[in-house]
Amino acid sequence: MKIVFLIQNLYGIGGTIRSTVNLTAALAERHEVEIVSILRTADQPSFDIDARVTVRDLVDLRESSPDFAGADPRQAQPSEDAAKGDTRGHYHCSLLTDERMAAYLAECDADMVIATRPALLAYLAKYGTRRYLKVGQEHWIHNGHSERLRADLRELCPELDVLVTVSEGDAEVYRTKMPFTDTAVVSIPNSVPQPKVGPSTLDTKTIVAAGRLITVKRYPLLIEAFAKVAAERPDWRLRLYGKGPEAPHLQQVIDDLGLNGRALMMGPRSPIETEWAKGSIAAVSSRLESFGMTIVEAMRCGVPVVSVDCPYGPGEIISHGNDGLLVPEATPSALADALLRLIEDEPLRRAMGAAALRNAQRFDPAEIALRYERLVAEHTQARRARGLARLRDLGTRTIAGARSLVPRKAAAQPIRVQAPATTHCLVRQDGGLTIRLLREPWATGAPATANALALRHRGTATTIEVPLVRAEDGAMEARLDRGAHRLAEGRWDVYQVRPGKRRRRLPAGLVDSRALVNAFPDLRRPLETWTPYATDTGELSLAVRARTMHAEVTDVVSASTGLTVHGLLINLPEGRPPITLLAVRRAARRAAPSPDQGDATASSLDQDELTAPPLDQDEETAASPDQDEETAASLDQDDVTGAQIALRAQAHLDGRFSCSVPYQRLMEARSHSHEVWDLYLRPGEEGQEGEPIRLGRFCDDIAERKGVERYPYQPVEDALIRPFYTAGNELSVRVTPPPAE
């Protein structure tokens, strides 16, 4: 059987694309499957496509492509046939997509064609023939559509054989409000594959939420609920993954509630399963969910979900009290109480996590694929029984019109997308790394073409090769061990070493660093941390921190009067000498860039602290974890030669320390409108002081804290003051004038 999926742009990112990729991979086990992307905007899709699935693009918008169609005058003309009520979908359609879709559907030899959004459903309804089953997918909900789009659907759906919703509740709404005579309305949920990482151990004190940062997700409600949780259990953290227009507002809510350092805006992650596996509880606060893929994703990682019982998906996925909790009232108090119930009752949390892992198997792509297979058997026969007269008249006119409009060659040729080798970087409990290269069982060729991995230090270009050996499951595996491999501080990029070929960067794939979330350093030994991460371009790198002595920050509290820091003293001399906090004004100078900065820009990572960007840009915009930080390290240390403020600090018997920086002291020592003060601890009695030790936070899985753990500006006299983490995860304080009126 041949099955075709129509999708707007396979090269973007979104839940519809992800669910389509999951389903097509499962269907390809037994059928011929093709994805038709109306647009092509990139060289490769954002998600790995099963190598058995054919991809066909109709309108290529890559300017570098020989098939570039962006200059075609028809591409500048609005679509006449895509559903206008689907404003976003219609915007990306054109007269050219009308004609090429008409040509494709007229000659399509599939058994079933599935349109994944209303704009494409209109194409299928108008151009589709009776040779195949015509199926429309509803990835949103009827009640969430505009009146105009509902009117479009009321007109178009009768031309389909089946309309598939992702929840039974939404299917019932369609059956009630749009009772079609010949179009069946059925519910088939989205699919979520088994994660490629092991389930969560449920031993981190972490609540995880993920999704688009938009108003319908009601993340302010979740943050307010977490404020109550944090008040009772300050050792727990909230991690919020995603991007979207609500991000600035959500950060402001965190600031207003004083949850900085406890509620973290983690940014987008793909793949996301490694982050679910770091959580002990997943949280959902949406006003409504058409399905709730993030709920199933968390459950497939063995994480129980606490969700507001909103329409429509959560109640159909979560079994209340068994594999998660449904909160009937959408209030911060009610949501917080449910979260605290699982926090306080560890046996219940573990029991629900195990149940979630079992129950989520019903959303496996293989199970969902079977339900689509049954659609063909059931509804093809029903369609034939309805008679052929009307179908022959409509179908013949549509096909003839399409063929007369567009030449045969306008339909793009199939392109087979080969899935790259999957890379899995695992942080072991002993702190070492295991990097595996493998392919899926159906892929052709060897598991990997590399015979070694090379780690290259960006600052010095030092290279270390690690051999790849074949594991029992056929994957190629490299092990980095603390005792065998000594890595200098800095960023290390990972390369494939291939016989007779130029080495190339290794894609990050899955980075499973959950072992670092609860990492607690040995207070009697020098510190060394290895933190793997994906660069901005999706490649694997390693952030290494190596300090003979270190002051590890564990908590930062910034108030109007000053900054208080708590932390751990690592490998200080026996006897715990007295310590002094030093605030050192950073010299306003620029260091020469290293000739081997890798993918770094020529400027220092922390140069933005010296050039004083506007407040709405802040220091995070000028640097990323992919840039070289060797030059920045010289600025951070700066030989401690700038102006200094010495303050009392307290060392506790259990190895902890606490210290404070009154902001008034920084104002008294102020000499420029823009200043950055780096923070150090200096051990020793007066006259016998040791080397200053930089304050930083290295002992967890976050390679780059700058954009994750943020603190608000505090107004002090005629200035604004705030603490921040540098690109090297070291703690500093910025003093800047307020923005102009």
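Being a predicted model, the structure only gives us computed values, none of them experimental.

## Section: the overall build of the chain
Item 1. Across its full length, the chain carries 18 helices and 35 strands.
Item 2. A burial count over the chain gives 59% of its 741 residues as buried.
Item 3. In the chain, 69% of the contacts between residues at least 6 apart in sequence involve partners at least 24 apart.
Item 4. For the chain, the exposed area adds up to about 30600 Å²; of that, 50% sits on carbon and sulfur atoms.

## Digging into the sheet that holds strand β19 (residues 469-470)
Item 1. Taken in spatial order, the five strands of this open sheet run β19-β20-β16-β15-β23, and their pairing is mixed. The open sheet has two free edges, formed respectively by β19 and β23 (510-512), since each of these has just one partner strand.
Item 2. Of the pairings in the sheet, the one linking β19 to strand β20 (residues 476-480) comprises two bridges and is antiparallel in character. Residue pairing across strands places Val469 opposite Glu477, the latter belonging to β20.

## A closer look at the pairing of strand β6 (residues 162-165)
Item 1. Going residue by residue along β6, you find Val162 and Val164 tucked away on one face and Leu163 and Thr165 tucked away on the opposite face as well.
Item 2. Relative to β6, strand β5 (residues 133-138) runs parallel, the two being bridged by four bridges. Within β6, the position partnered with Val135 by the bridge is Val162.
Item 3. For the crossover that starts at β5, traverses helix α5 (residues 147-156) and ends in the parallel β6, the hand is right-handed.

## Some words on the nonpolar core
Item 1. If you look at the biggest cluster of nonpolar residues, it comprises 40 residues, and the most contacted ones within it are Val4, Leu6, Met101, Tyr104, Leu105, Val113 and Tyr123.
Item 2. For this core, the secondary structure elements donating two or more residues are β1 (2-9), β2 (32-40), β3 (54-60), α3 (95-107), β4 (112-115), α4 (118-127), α5 and α6 (168-177).
Item 3. Of the residues forming this core, the biggest block, eight residues, is contributed by α4.
Item 4. With residues near it in sequence (within four places) discarded, Met101 still touches Leu6, Val36, Ile38, Leu58, Tyr123 and Tyr127.
Item 5. In terms of nonpolar packing, the next biggest core, distinct from the first, is built from 37 residues, Ala209, Leu222, Leu250 and Leu335 among them.

## Examining the packing of helix α7 (residues 219-232) against helix α12 (residues 332-344)
Working note: a packed helix pair is described by the angle between its axes plus the distance between those axes.
Item 1. For the pair α7 and α12, the least separation of the axes is 8 Å and the interaxial angle reads 50°. Accordingly, the angle class assigned to the pair α7 and α12 is oblique. For α7 against α12, the interelement crossing comes out right-handed. Across the interface between the two elements, Leu221, Leu222, Glu224, Ala225, Lys228, Val229 and Glu232 from α7 touch Pro332, Ser333, Leu335, Ala336, Asp337, Leu339, Leu340 and Ile343 from α12.
Item 2. Here the contact of α7 with α12 is built from residues that sort into 10 nonpolar, one polar and four charged.

## A closer look at α12
Item 1. Under the 1.5 Å per step criterion, the end-to-end length of α12 is 18 Å for 13 residues, consistent within 8% with the ideal 18 Å.
Item 2. Within α12, burial applies to Ala334, Leu335, Ala336, Ala338, Leu339, Leu340, Leu342 and Ile343.

## A short note on the sheet that holds strand β11 (residues 281-284)
Item 1. Ordered by their spatial adjacency, six strands build an open sheet running β10-β9-β8-β11-β12-β13, and the pairing between neighbours is parallel. In the strand order of this sheet, the two ends are held by β10 (263-267) and β13 (324-327), each with one partner. Strand-to-strand twist of the sheet, defined as the mean angle between neighbouring strand axes without regard to direction, takes the value 20°.
Item 2. Of the strand pairs in this sheet, β11 and strand β12 (residues 305-308) are connected by three bridges, and their pairing is parallel. When the sheet's bridge partners are listed, Ala283 is paired in β12 with Val306.
Item 3. Relative to β12, helix α10 (residues 293-300) is tilted by about 165°, and along the sheet it contacts β8 (206-210), β11 and β12.

## Structural notes on the packing of aromatic side chains
Item 1. Throughout the structure, instances matching the rule amount to two aromatic pairs.
Item 2. Measuring from centroid to centroid gives 5.8 Å for Tyr123 and Tyr127, while their planes differ by 15°, and the two rings are stacked. Placement of both Tyr123 and Tyr127 in helix α4 is noted, with a separation of four residues, approximately one turn of the helix.
Item 3. Assessed through its relative accessible area of 11%, Tyr127 is described here as buried.
Item 4. The interplanar angle of 70° and the centroid separation of 5.8 Å between the aromatic rings of Phe291 and Phe363 together place this pair among those described as edge-to-face. Separated by 72 residues along the polypeptide, Phe291 in the loop between β11 and α10 and Phe363 in the loop between α13 (346-359) and α14 (365-385) bring together distant segments of the chain.
Item 5. Its guanidinium or amino end placed over the ring of Trp530, Arg482 lies 4.7 Å from that ring's centre, counting from NZ or CZ.
Item 6. In this arrangement the basic side chain of Arg503 is found over the ring face of Tyr495, its NZ or CZ atom lying 4.9 Å from the centre.

## Here we look at α10
Item 1. With eight of its eight residues buried, α10 lies for the most part within the structure.
Item 2. Of all the positions in α10, only Met293, Thr294, Ile295, Val296, Glu297, Ala298, Met299 and Arg300 are classed as buried.
Item 3. Count one or two residues on from α10 and you reach Gly302, which has phi positive near 75°.

## Examining the pattern of salt bridges
Item 1. Enumeration according to the criterion identifies 51 salt bridges in this entry.
Item 2. The partner of Glu373 in a salt bridge is Arg30, and the shortest N-O contact between them spans 2.8 Å. With Glu373 in helix α14 and Arg30 in the loop between α1 (15-27) and β2, this residue pair connects regions lying 343 residues apart in the sequence.
Item 3. The salt bridge involving Glu539 is made with Arg505; its shortest N-O contact spans 3.6 Å. Residue Glu539 is found in the loop between β24 (527-534) and β25 (540-547), and its partner Arg505 is found in strand β22 (residues 504-505); the two are separated by 34 residues along the sequence.
Item 4. Its relative accessible area of 16% is what places Arg505 among the buried residues.
Item 5. Through salt bridges with shared partners, one network takes in Glu489, Arg547, Arg586, Asp678, Arg694 and Glu730.

## A short note on the pairing of β25
Item 1. For β25, the buried fraction is high: seven of the eight residues fall into the buried class.
Item 2. When strand β21 (residues 490-497) meets β25, the two strands line up antiparallel, connected through four bridges. Pairing of Arg491 across the sheet is with Ala543, part of β25.
Item 3. Where β24 and β25 come together, eight bridges link them in antiparallel fashion. If you follow Tyr533 over to β25, its bridge partner there is Ser541.

## Structural notes on the confidence of the model for the chain
Item 1. The pLDDT averaged across the chain works out to 86; a share of 85% of its residues lies at or above 70.
Item 2. This stretch, residues 440-448, has a pLDDT under 50; its non-local contacts, to residues over four places away or in other chains, come to 18 contacts.
Item 3. Low pLDDT (under 50) marks residues 589-640, which in the prediction has 133 contacts with non-local residues, meaning those over four places away or in another chain.

## Considering the packing of α7 against helix α8 (residues 247-256)
Item 1. Relative orientation of the contacting elements α7 and α8 amounts to 20°, with a least axis distance of 10 Å. Relative to α8, the element α7 lies roughly parallel. Between α7 and α8 lies a crossing whose hand is right-handed. Of the residues in α8, those in contact with Tyr219, Pro220 and Ile223 of α7 are His249, Leu250, Val253 and Ile254.
Item 2. By residue class, the composition of the contact of α7 with α8 is six nonpolar, one polar and no charged.

Conventions adopted
- Along each chain, residues carry numbers from 1 onward, in the same order as the chain's sequence is written.
- Residues qualify for local features only when their pLDDT is at least 70, as the model is predicted, and side-chain atom pairs are given and counted only at 80 or more; totals for whole chains, interfaces and linings, by contrast, use all residues.
- Only hydrogens and water are set aside; all other atoms, that is, all heavy atoms of the structure, feed into the side-chain values.
- The helix count covers DSSP runs of H or I at least four residues long, the strand count covers runs of E at least two residues long, and both are numbered beginning at the N terminus.
- Three labels apply to residues, based on accessible area from a 1.4 Å probe with only protein chains included: buried if under 20% of the type maximum, exposed if over 50%, partly exposed otherwise in between.
- We call two residues contacting when some pair of their heavy atoms lies within 4.5 Å.
- Note that accessible areas follow from Shrake-Rupley with a 1.4 Å probe, and for residues the cover is restricted to the protein chains shown.
- When DSSP finds two or more bridges between two strands, those strands count as paired.
- Handedness of a crossover is defined as follows: with both strands directed away from the viewer, a clockwise route from the first strand across the helix to the second makes it right-handed.
- Residues grouped as a nonpolar core are buried Ala, Val, Leu, Ile, Met, Phe, Trp, Tyr and Cys residues, joined through side-chain atoms within 4.5 Å.
- With axes taken as lines fitted to C-alpha atoms, and helix axes fitted only over the stretch in contact, angles between N-to-C directions fall between 0 and 180 degrees.
- For classification purposes, an angle smaller than 35 degrees is called roughly parallel, one larger than 145 roughly antiparallel, one from 65 to 115 roughly perpendicular, and anything else oblique.
- Should the near helix be turned anticlockwise from the far one by less than a right angle, the crossing is termed left-handed; should it be turned clockwise, right-handed.
- Classes in brief: Ala, Val, Leu, Ile, Met, Phe, Trp, Tyr, Cys and Pro nonpolar; Asp, Glu, Lys and Arg charged; the others, Gly included, polar.
- The span expected for a helix works out to 1.5 Å for each residue beyond the first.
- Ring geometry is summarised as follows: Phe, Tyr and Trp rings, the Trp one being its six-membered ring, pair when their centres sit within 6.5 Å, and such pairs are stacked at plane angles under 30 degrees, edge-to-face over 60 and tilted between the two.
- For a Lys NZ or an Arg CZ to count as sitting over a ring, it must be within 6 Å of the ring centre and within 35 degrees of the ring normal.
- One speaks of a salt bridge when a side-chain nitrogen belonging to Lys or Arg is within 4 Å of a carboxyl oxygen belonging to Asp or Glu.
- Every residue carries a pLDDT, the predictor's confidence in it, which falls somewhere between 0 and 100.

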